[in-house]
Every structure is written in C-alpha cells, then in structure tokens.
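Structural features, examined
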Amino acid sequence: MNAIVSVTRDWGIGLEGGLLVRNREDMRFFRRATMGGTVVCGRTTFQSFPGGALKGRRNVVISTNPDFLPTGAEVVHSVDEALAAVQNEDPNSVWLIGGQSVYEQLLPHCQRAYVTKHDVVVPADAFFPNLDELDDWVVEKTEDGGITPSGVPFAFVTYQHVR
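Described in the following lines is the structure provided in the data block. A quick note: this is a predicted structure, and the numbers were derived from the prediction, not measured. (Residues numbered from 1 in each chain as written. Predicted model: local features only at pLDDT ≥ 70, side-chain atom pairs only at ≥ 80, totals over all residues. Heavy atoms only, no water.)

Structural notes on the sheet that holds strand S10 (residues 153-161)
Where we set the bar: Strand pairing is assigned whenever DSSP detects at least two bridges linking the two strands. By definition, any uninterrupted DSSP run of H or I lasting at least four residues is a helix, any uninterrupted run of E lasting at least two residues is a strand, and each is numbered from the N terminus. Angles here are taken between N-to-C directions and fall from 0 to 180 degrees, while the axes themselves are lines fitted to C-alpha atoms, restricted in helices to the stretch in contact. We call two residues contacting when some pair of their heavy atoms lies within 4.5 Å.
Here we have eight strands laid out as an open sheet, ordered S5-S4-S3-S6-S1-S7-S10-S9, and mixed in their pairing. Two strands close off the open sheet at either side, each with one partner strand: strand S5 (74-76) and strand S9 (137-147). The sheet shows a mean angle of 25° between the axes of neighbouring strands, taken without regard to direction. Where helix H1 (residues 24-34) meets the sheet, its contacts fall on strand S1 (2-8), strand S3 (38-42), strand S6 (94-96), strand S7 (112-118) and S10, and the angle it forms with S1 comes to roughly 175°. Lying over the sheet, helix H3 (residues 79-86) contacts S3, strand S4 (58-62), S5 and S6, oriented at roughly 135° with respect to S5.

Below is the structure:
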C-alpha cells in the first residue's frame, strides 16, 4: 500500500473537510496514480468527494457507522478489515488517501508516500505525520512541481518506508 497526500509546509492536509491548496497539477497526479487501483479512506474524506465514489477505482471506506452505505463503495468497519479487504491486491495499486486518523493508523503499512508539498502555511485542522521527522521514512525522489495559479510553489516528493 502507498499513501498519497497534499500537504502544506507544516504538514497540514485539510480544514473543515476541504483541501488547503487548489492545485490542478496535484489533482492530475492523484488521478494518474490511483486510476485503476483501490483507494482506502475514512468516511469524512469519502463524503468530501463532490461526485461520490471515485470513478475507475475500487473505493474502500472505513466507517464505524453501521448505517453508512454509500453508492459505489465498499464499507469496512476497522483498520484490520481494511487491511483484509486489500490483502490480495498488488500493494502498488492500493492507495491510502486520508483523512488524518486513517493516515495515522495505516501509514505503518505503507511502502511509499507520495507527497505534494506546498510551500505555504495556511489554517488547518487536519495534519499528516511529518515524515521528515520520522526515522523510518527517507526521501527517495523530489521533483519540482512549479507554482500554482495562486502563486504557491510546490514539489512532488516520494518517501520510502525503510522499516
């Protein structure tokens, strides 16, 4: 499994259920990376998708609410159930996509983290673990992404889990 995330300089990922930085190139990268694979997320993240389940991907949603039955998604009720749901898939086609608590719980099971790092700090109420401060994660590759239309420089950084 791999994580994919868009962060700000302080590793912020969201505010009130929304993304922090609008970045078309990041969205294209996300789409290319996850298309044809499986995405794993929490209920709140899933409900933030404007069109419902992400098309062209298997959607696995972790929710403790037994009444949550979204169209186009498979609901599991724990991290263990999520891991069991994807255990027979190619780990490189399974994508952990948020939110904060799901990232925190499943990040130890990831081989890589694909991080779009935006060089800005804005208000946030959800954060991704700071991989630069964790001994078991190292930078594998960095690519300049450019600058968003609103003037925010960004880079695509791939981290490898070195357990």
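Examining the packing of aromatic side chains
This is how it is decided: Here the aromatic set is Phe, Tyr and Trp, taking the six-membered ring for Trp, and pairing holds for ring centres within 6.5 Å; pairs whose planes are under 30 degrees apart are stacked, those over 60 apart are edge-to-face, and all others are tilted. Here's how the labels work: a residue is buried when its accessible area is under 20% of the maximum for its type, exposed when over 50%, partly exposed in between, all with a 1.4 Å probe on protein chains only.
For the coordinates displayed, the defined rule picks out nine aromatic pairs. Ring geometry for Phe 46 versus Phe 68: centroids 6.2 Å apart, planes at 80°, classification edge-to-face. Here Phe 68 lies in the loop between S4 and S5 and Phe 46 lies in helix H2 (residues 43-47), a separation of 22 residues in the sequence. The same class applies to Phe 46 and to Phe 68, which are both buried.

Focus on the pairing of S4
Extensive coverage of S4 is indicated by the burial of four of its five residues. Two strands pair when backbone bridges link them, and S3 and S4 are joined in this way by five bridges, in the parallel orientation. For Val 39, the partnering residue across the bridge sits in S4 and is Asn 59. Bridge count between S4 and S5: three bridges; the pairing is parallel. Each bridged residue has a counterpart across the sheet, and for Val 61 the counterpart in S5 is Val 75.

Concerning H3
Using the following cut-off: When we speak of the arc, we mean the arc of directions from the helix axis to the C-beta atoms.
Turning to H3, its buried residues number three or more, namely Val 79, Ala 82 and Val 86. Buried positions in H3, seen along its axis, are confined to an arc of 60° and lie on one side of it. Along its buried surface, H3 packs onto S3, S4, S5, S6 and helix H4 (100-106).

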